[in-house]
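Breakdown of the fold
Below, each chain spelled out in residue letters.
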Amino acid sequence: MTESVLRFEDVVIPGTPNPLSLEVPDHQAVLITGPEASGVDALPAIALRLRRPARGRVFLFGEPIDALSPRAVLAFRRKVGYLPAGDGLLHNLSLHENVALPLRFGSDLSEHAIQGRLQVMLALLRIADAADRRPAEATEEQRRRAALARALAFDPKLLILADPFDGLTAKTAAELFEISRGGETGEGSRRAVFMTAQFVPERLETRIEYRYRLTSGTLQPVL
Amino acid sequence: MTTPVAAFGRGVARTVAWIGALARFSFEAGRATRWFPRAGRRVAVRVLAKQVRFTALQAIPLIVILASILSFLVISQATRELGRLGATELIGRLMVVVIVRELGPLLTALVVAGRSGTAIAAELATNKVMGELNALLGMGIDPLHYLVLPRLGAAILSVFGLIICFDLVAILAGYVAAGSAGMTSARYFDIVLASLTFRDVWLTAAKGLAFGVIIGIVPAYHGLAIRGSPTEVPVASSQAVMGSILVIFVCSGLFVALLT
C-alpha cells in the first residue's frame, strides 16, 4: 500500500462491539459494505468528525482529526469531498447554487473563476440543463449528480461517499464512480475514494481496489 | 401532595435549562463572528439581503396598517378627552411615550416574531431534518456562519427599520386623527416634537436592537435544537414563537423597570 490519506485506528462505531482498523491509500478506492445494523453508515461521518467514535482515532492526511480545534476541522474538511447519504443538497438553492456554495464560501476565487469552474463541473456531471432546478424539481439521479459535483468542486485529493449509488442504475453508478476517481488512468492521477454502502452494482466491484464487508463489528476483506 | 411541587420544580428546572441553552447558543453565535471566513461574507450578505426582503419589506404593509389604526384610535380618543380637560399638549407625550417608545417597538417585534420567527425556526429545523446541516459541516461551512448569523443580522436590521416605519406612520396617522378633531398641523407637530427627547430616541433604538437579537436567536435555537424528526418541525416553530414573545415581553418590562 502507498501512503494513506485516511486511517481508522481501533475505531469502535457506537453501538458495535469490535474495534476496526483500516487504511485508505492514496489514489486507491476502498469500499465497505455491510447491513444497516453493522454501523457502516456511520463511518463517513466518523472520518470527517461529524460523529465521534465510541473509541479509537481517525487520521486524515496523517493528522489526528479528533485533536484539531473545531475551526481547524472546518478548514480541514474543505480538503475532502463529501457526498452524504441521500444528497444533502440545500433545498432552497438551485442545483447550480448548491454546487457553487462551497466554492463561494470556502475559496478566494473570483465570481468569474467560480462560474468557469461551475460550467466545467455541470458539464462533466451532465446536469447543465437541469442546473436552474431546485432539488425538489430534479430527479433523484440529477440530485445525486449535483451532490457529486459539489463534492468535487475543490478537486479534492480524497472523496468520501456515503451510499452514493443507492437507487441508481448500474450504468449511472459506473459513470459516477469513474468521474469520482478523476478521469485519467495514468498512475498517480486518480483520486482516493472511500465509500460505504449496503450494496453496490456488481459491475462496479471489480473496479474498486480494496473491498471489505463489515458484519457483527468485524471487518473482512472481500476477495 | 408532592406532585404539584414536583411539577412546579420540573417546570422551573426546564425554564432554567432553556435560558442556559439560549445563553450558550447566543455566546457561540457571537463567538463565531470572530472567525467568519472572508470568502463566506459575500454569500452571507446575499442570505441576509434575502432575509431582509422577507422579514422587513414584505412586512411593511402590515406594519403600516397596524401603526395607522393604533395611532388613529389612541390620538383621536385622547384629543377628545384631553380637550375637555384643556390638556391637549399632553398628546405629544402620549404619542412619544406610549406609541413611539413603547407600543411601536413592542408591536413591531411581535409582528416580526410571528411572521419571521416561525419561518426561521421551520426553515432551520427542516435543514436539520433533511441532513443539510451535516452536509454544510462536511463542506467545511459552519451552520452558524451560513444559516444563523445572516438571519440574526437580518432580524436586527428588519426590526430596527420596521420600528422606524411604525413610528413615522403612527406620527402621521396621529396627525390625521388630531386634525380631524380640530387641531392644526403646526400645533400637532409642535407638541409632538417638543415631547421627543434624545432619551426616547436611544431607548427606541436600543429596543430595536434587543428585540432584533431575540428574534434572530430564539427561533434559530429552537430550529437547530430538534433531534431530526419531521414531526418536530411544527413543534419547533411553535416553541420559537412562544419563546420569542415571552422574552420580548420580559425584555420590554426590563427596559421600563431599569431605564425609564
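Here the residue numbering is sequential within each chain, running from 1 through the sequence in written order. Labels follow written order: the first chain is A, the first ligand is 1, and so on. Since the coordinates come from a predicted model, pLDDT governs what is reported: local features require at least 70, and pairs of side-chain atoms require 80 or more to be given and counted, while whole-chain, interface and lining totals use all residues.

**Regarding the overall build of chain B**
What counts is decided by this rule: Helix and strand definitions follow DSSP, with helices as H or I runs of at least four residues and strands as E runs of at least two, each counted in order from the N terminus. In this scheme the burial state of a residue depends on its C-beta neighbours within 10 Å: 20 or more other such atoms mean buried, 12 or fewer mean exposed, and anything in between means partly exposed; the C-beta positions come from the backbone. Residues are defined as contacting one another if the C-beta atoms placed from their backbone atoms lie within 7 Å.
On a plain count of helices and strands, chain B comes out with 9 helices and 0 strands. Going residue by residue from the N terminus, the α and β elements of chain B occur as α-α-α-α-α-α-α-α-α. Reported as C-alpha extents along the three principal axes, the dimensions of chain B are approximately 65 × 60 × 30 Å. Relative to its 260 residues, chain B shows a buried fraction of 43%. Considering only contacts in chain B between residues 6 or more positions apart, those separated by 24 or more positions represent 88%.

**Quick word on the packing of helix α3 (residues 60-85) of chain B against helix α6 (residues 143-180) of chain B**
Residue and element names in this part refer to chain B. Which entries qualify depends on this criterion: Each axis is a line fitted through C-alpha atoms, and for a helix only the stretch in contact is used; angles between axes span 0 to 180 degrees, taken between their N-to-C directions. Each helix crossing is assigned a hand: it is left-handed if the near helix lies turned anticlockwise from the far helix by less than a right angle, otherwise right-handed if that turn is clockwise. Residues are grouped as follows: nonpolar covers Ala, Val, Leu, Ile, Met, Phe, Trp, Tyr, Cys and Pro; charged covers Asp, Glu, Lys and Arg; every other residue, Gly included, is treated as polar.
Orientation of α3 relative to α6, taken along the N-to-C sense of each, is 35 degrees, at an axis distance of 7 Å. The handedness of the crossing between α3 and α6 comes out as right-handed. Each of I60, I63, V64, A67, S68, L70, S71, F72, I75, S76 and T79 in α3 lies in contact with α6, whose residues at this interface are L162, C165, F166, V169, A170, A173, G174, V176, A177, A178 and S180. Counted by class, the contact of α3 with α6 contains 16 nonpolar, 6 polar and no charged residues.

**What to know about unusual backbone geometry**
All names here are of chain A. The backbone of D10 shows a phi angle near 50 degrees, a positive value even though the residue is not glycine. At R49, a position not held by glycine, the phi torsion is positive, near 60 degrees. Overall, the presence of 19 C-beta atoms within 10 Å leaves R49 in the partly exposed class.

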